[in-house]
Amino acid sequence: MKFLSLRLSGRLIASFFLLSVAACAPKPPQFQSMDVTGAQWGQDFSLPDLQGKTTAISDFRGKAVAVFFGFLYCPDACPTHLTKMLEVKKLLGPKAQELAVVFITVDPERDAPESLSKFLAAFDPEFVGLRGNIEQTQAVARDFRVYFKKVPSATNPQDPLAYTIDHTTFAYIFDPEGRLRLVAPHDITAEKLAQDVEQLLVR
């Protein structure tokens, strides 16, 4: 009986210890965006910025990075996203400098660097634009599982530059270590996205 009591006491102590450790352990973050931590795709990009300098995710080490694919003549999704990211930065307050916003054009044929630079600066001069050639763009889009396709103009189908582009409207969020962590849907609110980014910035 004494041996059994000791064994039970040992189990109780071990159980109490495990519960105490569990109680002290930090809770895993609860994201509003889709958590893709550990994904084997979309881990990096290597594209020229609007001054021609090759840029990769490692250039933003120490910051969270929000990546979006779009184009200059986008009528709604792209301006909406950039406006939202500006609001996210405002909500982050002093931590806004720890978030980089990267815009990758899927329309390098029309999106001249100067025009795209002015477009982004109209929202925030710190927003980063990337513009590769069509082959580079297609390769990065495949890696991020981004869909885009030209849609000829219904009113002027003969003009090769009169088209719009259907494209994926997710935002891809990296943590300060350069790891893809979240995929944010287009309809997520600025408040929820700011909360997600704040959790990624917690060291």
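Everything that follows concerns the structure shown earlier in this document.
Computed from a predicted structure; not experimentally measured. (Residues numbered from 1 in each chain as written. Predicted model: local features only at pLDDT ≥ 70, side-chain atom pairs only at ≥ 80, totals over all residues. Heavy atoms only, no water.)

Digging into the pairing of strand β8 (residues 163-167)
Moving residue by residue along a regular strand, the side chains alternate between the two faces of the sheet.
Reasoning step 1: Covered by surrounding structure in β8 are Tyr163, Ile165 and His167 only, the residues Thr164 and Asp166 on the alternate face being uncovered.
Reasoning step 2: Relative to β8, strand β7 (residues 148-152) is paired through five bridges, and the arrangement is antiparallel. Bridge assignment links Pro152 to a residue of β8, and that residue is Tyr163. (Buried < 20%, exposed > 50% of the residue type's maximum accessible area, 1.4 Å probe, protein only. Helix = DSSP H or I, 4+ residues; strand = E, 2+ residues; numbered from the N terminus. Pairing = 2+ DSSP bridges.)

Some points on the environment of Tyr163
Reasoning step 1: Relative to the assigned elements, Tyr163 resides in strand β8.
Reasoning step 2: What makes Tyr163 buried here is its relative accessible area of 9%.
Reasoning step 3: Tyr163 sits eleven residues away from Pro152 along the chain, and the two C-alpha atoms are 4.4 Å apart.
Reasoning step 4: Leaving out residues up to four positions away in the same chain, Tyr163 has contacts with Asp107, Glu109, Arg110, Lys150, Val151, Pro152 and Ser153.
Reasoning step 5: A polar contact is formed between the side chain of Tyr163 and the side chain of Asp107, at a distance of 2.5 Å. (Contact = heavy atoms within 4.5 Å. Polar contact = N/O pair within 3.5 Å; in protein donor to acceptor, adjacent residues only side chain to side chain.)

Side note on helix α5 (residues 190-201)
Reasoning step 1: The end-to-end C-alpha distance of α5, which contains twelve residues, comes to 16 Å, matching closely the 16 Å that a straight helix rising 1.5 Å per residue would cover.
Reasoning step 2: Taken residue by residue, α5 has Ala190, Leu193, Ala194, Asp196, Val197, Leu200 and Leu201 as its buried positions. Seen from one end, α5 has its buried residues packed into an arc of 160 degrees, which puts them on one side.
Reasoning step 3: Where α5 is buried, its residues meet β4 (64-70), α2 (77-92), β5 (99-105), β9 (171-174) and β10 (180-184). (Expected span 1.5 Å × (residues − 1). Arc of directions from axis to C-beta.)

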